[in-house]
Every structure is written in C-alpha cells, then in structure tokens.
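# Observations on the three-dimensional arrangement
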Amino acid sequence: MKYKVFNKSNSLDFKKFKPILSSFLGYANKHMGFSKPPSLFFISDEENSRLPLGKTAYYDPAKMQIAIYTDSRHPKDILRSLSHELVHHKQNCNGQFDELGEMGEGYAQNNKHLRSMEEQAYLEGNMCFRDWEDTHKKQLQESNYYFRGDKKMNTKDWSRKELNTLLM
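The structure reproduced in this document is the subject of the present report. Computed from a predicted model, the values in this text were never measured in an experiment.

Summed over all chains, the structure comprises eight salt bridges. For arginine 50, the salt bridge goes to glutamate 46, with nearest N and O atoms at 3.7 Å. For arginine 50, a relative accessible area of 60% corresponds to the exposed category. Residues arginine 130 and aspartate 134 are paired through a salt bridge, measuring 3.3 Å at the closest nitrogen-oxygen approach. Of the two residues, arginine 130 and aspartate 134 are both situated in helix 5 (residues 112-148); the distance of four residues between them amounts to about one turn of the helix. You can call aspartate 134 partly exposed: its relative accessible area is 38%. Three or more residues joined by partner-sharing salt bridges are found here, namely Arg73, Asp77 and Arg80.

This paragraph deals with the sheet that holds strand 1 (residues 4-8). One open sheet holds the four strands; their spatial order is 1-2-4-3, and the pairing between them is mixed. The sheet terminates laterally at strand 1 and strand 3 (57-60), the two strands that pair on one side only. Pairs of neighbouring strands in the sheet enclose a mean axial angle of 15 degrees, with direction left out of account. Note that strand 2 (residues 39-43) and strand 4 (residues 65-69) share five bridges and pair parallel. Residue pairing in the sheet places serine 39 in a bridge with glutamine 65 of strand 4. In the packing of helix 1 (residues 14-32) onto the sheet, the strands contacted are strand 1 and strand 2, and the crossing angle to strand 2 comes to about 145 degrees. Strands in contact with helix 3 (residues 75-93) are strand 2, strand 3 and strand 4; relative to strand 4, the strand with the most contacts, it is inclined by about 160 degrees.

What counts and how
- Residues numbered from 1 in each chain as written.
- Predicted model: local features only at pLDDT ≥ 70, side-chain atom pairs only at ≥ 80, totals over all residues.
- Heavy atoms only, no water.
- Salt bridge = Lys/Arg side-chain N within 4 Å of Asp/Glu carboxyl O.
- Buried < 20%, exposed > 50% of the residue type's maximum accessible area, 1.4 Å probe, protein only.
- Helix = DSSP H or I, 4+ residues; strand = E, 2+ residues; numbered from the N terminus.
- Pairing = 2+ DSSP bridges.
- Axes fitted to C-alpha atoms, helices over the stretch in contact; angles between N-to-C directions.
- Contact = heavy atoms within 4.5 Å.

The structure is reproduced here in structure tokens:
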C-alpha cells in the first residue's frame, strides 16, 4: 500500500526515521486491515510542544489524513501516536465515523460511541505498536548477530554487561 507522506517537521530526522516508518506502516496495515491508505503529515509546532498537555496527533476522517506533532518527541512516541490514529483510520474505513453525533471538548466522556472508538484506538493502537516493536527488536538483534558473529565473553564480562542492561 502506498502512502502519501509529508514531512513538515523541523525536528524530525526523516532520513533516519523513514525506514522505521515504512516497516511499521507495512506491519500496521497487515494487522489492522484498512482498505485505503491515509495521508500522513509530520508537523512542527514549537508552541504546542511546550505545553504539558499539548496535542500529539489527530485524524481528519473527511480527508483521511493523520497529522503527527514531532517537536520534542522520541521517534518511538511518534510511532505510538501514529498507531493510535491508524486505528481511527481503520474505523473510518469501516464506516464507524458515519454517525458520530456531537464532537468537541469532552467528546470521549460524553458520547458512548466515541468513547468506545477511543478505547479501541488506545488498546489496538498500543498493542499493534508493541507487537511490531518486539518483532522489530528481535529482527534487529538477529541481524546484528549475523553481522558481528558470536563473540565469546568470559563470565565476569557477561555478568557486568547483564547487570548494566538490567540497570538501564
């Protein structure tokens, strides 16, 4: 599936981010099964990034567009927000946005249908991201093993490394 991706971010190193984004989008589409790709906008908003409860992302169902705020955010957090919004896109493709009712401040507390959609987006979005991340880490570790080979390590060095990993 081909996505229209627009990098309007001043802070995201898109060259480094693009391979991870491509991998995640392929995984998400396979697991969520939406029929049409959304357009993706990675945007900067310095003022928003300074707010403790600023926006992280939003989905526009009429345009099938996802906007992700990138300033002062870890790439992993950006992907987690994207995953949440992709669930909303799937909901839109399935017709769940057809009869929304009132939206606005407090919509997730006041509208049972929208609350249910938010719950689904949090659960499925986070779990999809987590499953992709675990798979991606495993693949990365395997490729590093084949790239470097099996380095022998004495027990003392191994225990130090293991302790350091656990402390980190």
